[in-house]
Amino acid sequence: MKTFLVCFHNSSSSSSFSQFQNKWNTNAVIPTISTDPHRNHSFCNIHPLSPEEESEGALLLESIAWPKTPALPSPLSLNQTSDPAHSSFTILPGRKGGQWYIGDQLEVTIKMCDFRGHAKTSGGDVLLARLHNPELGAGVVGQVVDHLNGSYSAVFSLLWEGRAQVQVTLVHPSEAITVLDRTTFEHHDRVFFHGIFRSGGITETTTCNVCLRQTQQPVCNYTDLRTGEPWFCYKPKKLSCDARVSHKMGGYNKILKTNEEKLFQSKVNMKVFIRASGPADVSVLPKKDGQPQVKSSIAESGPSGYYYQGAWRALNGTMVHQFNTSSAISQCLKGKVIYMYGDSTVRQWFEYLVSVLPDLKEFDLHSHRQVGPFMALDYVNNILITFRVHGPPIRIFNVLISELRYIANELDGVSGGPNTVVIFGVWAHFGSFPIEVYVWRLQSIRKAVVQLLSRAPDTLVIIRTGNPKGNTIHDALFNSDWHTLQRDKVLRAIFKGLNVHFVNAWEMVLAHNLPHNLHPQPPIIKNIINVILSYICPQKGG
């Protein structure tokens, strides 16, 4: 079992710790004060006591370390911050004659400038790049490399014949990352939750979170006995900690300093295209026999797939088949039990399958449409699909505590086998918390996945990554694409080497021509379902 130290910011807090009422586990958490002088202003330092997990966590944090971003002047001015309107990208020449062939790699140089038109001299901007052809329904993600001096490279694989247009987007200037990093570190509770307590005719509501600031109010400790996942609520004035009946979203605190909102302006410096200096596209010719390919020396890895004629084609060895009829989908799922866990971006898949399979009937469990749990059955084809939301933190409507369960605990109750499919996605509700909180959640789930695959090795496990979202200041402050990008790297690292499959929603949304959205639009979902079905029903030659 995982044990945590939960730290509060005031050394006089020990007197209030005696008022903790630990319903679940008297040994699971030990409140204490951080001894790290560099983090002593944070009220939420949670450390796993397992040396292996602590070592892994340190390596993960090192692997996603972002380039140092500039300190912000006071008062804040945009003059010296990254400006997409003054920045540009240039396609580098390939072989002699300027010809490009399928299989080559196209390299683009990006030069960032500030609002005065001066070249930037440091890195840390968040840039996205894709190559696309709307007429062909084609698109692929490019790999962006930060040279830490104001210049960047984007590398694209040329995968289709015809026109290929480069698109580079500034998601956030480096100065905005300074703000996001600070708010994540100093204000873990800027997204807060409520616990509803009820007994007899008395109802009380208090604030809950992964960790709470010290007040004179006692705290109820709801740390999960089996996983060690921490969760706390301020104790209600009249009722006991045992009287908690439900959980719901509380609210948001922006916690921005004066003028910092200027760093998060749509159409100004957030999710804005960067113009080309010169041509923005190339013409790609068919591959010639014996023709040496043009390869970039800076690309560490290629894309996981690409779109062509609107259909996703994987490059990881999986042949993605098109399940274009309800009968084809039902035949693939025949005899299967599919367990779905996670947030609303996984619930979207449950809803899609129910909508396209006429014989898959959803049971009315009298659940809230945004909460669940949900269950659907195709009696004729012996298909059972369920969905359950993951445990807190979860920004959700009122949900009974009995229905709020951790994925790791749920997986421990799955028998598994050749007809069992487990699908989960955990990402959208973790952007406002320190990355350590996400790491520990995934470590708990990984342990359960390892145990599941140990007792039933032929169980199919599919994991959803996060995806790019909208361009509002709310999106940016509480779960920006920068947060998602970091958590995507952590997710892949933690499950590396296990017999699991990924649905790369990040690339499947970014490579598509539809606008980014937390919940991808139907054409993207259809492609995602085709990937999932191709994992479940790999066809000969695939």
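Heads up: these notes are all about the structure in this document. (Residues numbered from 1 in each chain as written. Predicted model: local features only at pLDDT ≥ 70, side-chain atom pairs only at ≥ 80, totals over all residues. Heavy atoms only, no water.)

Side note on the packing of helix H5 (residues 344-356) against helix H11 (residues 522-536)
1) Next: Between H5 and H11, the least distance of the axes is 11 Å, while the angle of their chain directions is 90°. The angle between H5 and H11 falls in the class roughly perpendicular. Contact residues: H5 offers Gln 348, Trp 349, Tyr 352 and Leu 353, while H11 offers Ile 525, Lys 526, Ile 528, Ile 529 and Ile 532.
2) Next: Partitioning the contact of H5 with H11 into residue classes produces 7 nonpolar, 1 polar and 1 charged. (Axes fitted to C-alpha atoms, helices over the stretch in contact; angles between N-to-C directions. Helix = DSSP H or I, 4+ residues; strand = E, 2+ residues; numbered from the N terminus. Parallel < 35°, antiparallel > 145°, perpendicular 65-115°, else oblique. Contact = heavy atoms within 4.5 Å. Nonpolar A, V, L, I, M, F, W, Y, C, P; charged D, E, K, R; others polar.)

Here we look at the nonpolar core
1) Next: Judged by nonpolar contacts, the single largest core of 113 residues is most densely connected at Met 340, Phe 424 and Phe 495.
2) Next: The greatest single-element share of this core, amounting to 11 residues, is contributed by helix H7 (residues 435-455).
3) Next: Apart from the residues lying within four places of it in its own chain, the contact partners of Met 340 are Val 346, Trp 349, Phe 350, Leu 353, Ile 385, Thr 386, Phe 387, Arg 388 and Ile 423.
4) Next: If you look at the next biggest cluster of nonpolar residues, it comprises 25 residues, including Leu 106, Ile 110, Ala 154 and Leu 170. (Core = buried A, V, L, I, M, F, W, Y, C linked by side-chain atoms within 4.5 Å. Buried < 20%, exposed > 50% of the residue type's maximum accessible area, 1.4 Å probe, protein only.)

Observations concerning helix H4 (residues 326-333)
1) Next: Residues Ile 329, Ser 330, Cys 332 and Leu 333 constitute the buried set of H4. One face of H4 carries all of its buried residues, which in axial projection span an arc of 160°. Across H4 from its buried face, at more than 90 degrees, point the exposed residues Ser 327 and Gln 331.
2) Next: Those residues of H4 that are buried are in contact with strand S22 (337-342), H5, strand S24 (374-378), strand S25 (383-389) and H11.
3) Next: Looking at the residues trailing H4, positive phi occurs at Gly 335, about 80°. (Arc of directions from axis to C-beta.)

What about unusual backbone geometry?
1) Next: Here Gly 372 and Pro 373 are connected by a cis peptide whose omega angle stands at 10°.
2) Next: Within the fold, Pro 373 resides in the loop between strand S23 (361-362) and S24.
3) Next: Residue Pro 393 is reached from Pro 392 by a cis peptide bond, and omega for that bond is 10°.
4) Next: With respect to the helices and strands, Pro 393 occurs in the loop between S25 and strand S26 (399-400).

Digging into H11
1) Next: Taking 1.5 Å as the rise per residue, H11 with 15 residues should run 21 Å; its terminal C-alpha atoms sit 21 Å apart, in good agreement.
2) Next: Buried within H11 we find Ile 524, Ile 525, Asn 527, Ile 528, Ile 529, Asn 530, Val 531, Ile 532, Leu 533, Ser 534, Tyr 535 and Ile 536. (Expected span 1.5 Å × (residues − 1).)

Considering the pairing of strand S8 (residues 126-133)
In summary, the side chains of a regular strand alternate between the two faces of the sheet.
1) Next: The buried fraction of S8 is high, at 8 of 8 residues.
2) Next: Of the two faces of S8, the one holding Val 126, Leu 128, Arg 130 and His 132 and the one holding Leu 127, Ala 129, Leu 131 and Asn 133 are both buried throughout.
3) Next: Note: S8 against strand S12 (residues 162-172), 7 bridges, orientation antiparallel. Across the sheet, the residue bridging to Val 126 is His 172, located in S12.
4) Next: Two strands pair when backbone bridges link them, and S8 and strand S9 (residues 138-141) are joined in this way by 4 bridges, in the antiparallel orientation. If you follow His 132 over to S9, its bridge partner there is Gly 139.
5) Next: Hairpin remark: S8 followed by S9, antiparallel, with 4 residues in the connecting loop; positive phi at Gly 137, about 60°. (Pairing = 2+ DSSP bridges.)

Overview of the sheet that holds S22
1) Next: Taken in spatial order, the 7 strands make up an open sheet running S23-S24-S25-S22-S27-S28-S29, and their pairing is mixed. In the strand order of this sheet, the two ends are held by S23 and strand S29 (501-503), each with one partner.
2) Next: Of the strand pairs in this sheet, S22 and strand S27 (residues 420-425) are connected by 6 bridges, and their pairing is parallel. Paired with Gly 342 across the strands is Gly 425, a residue of S27.

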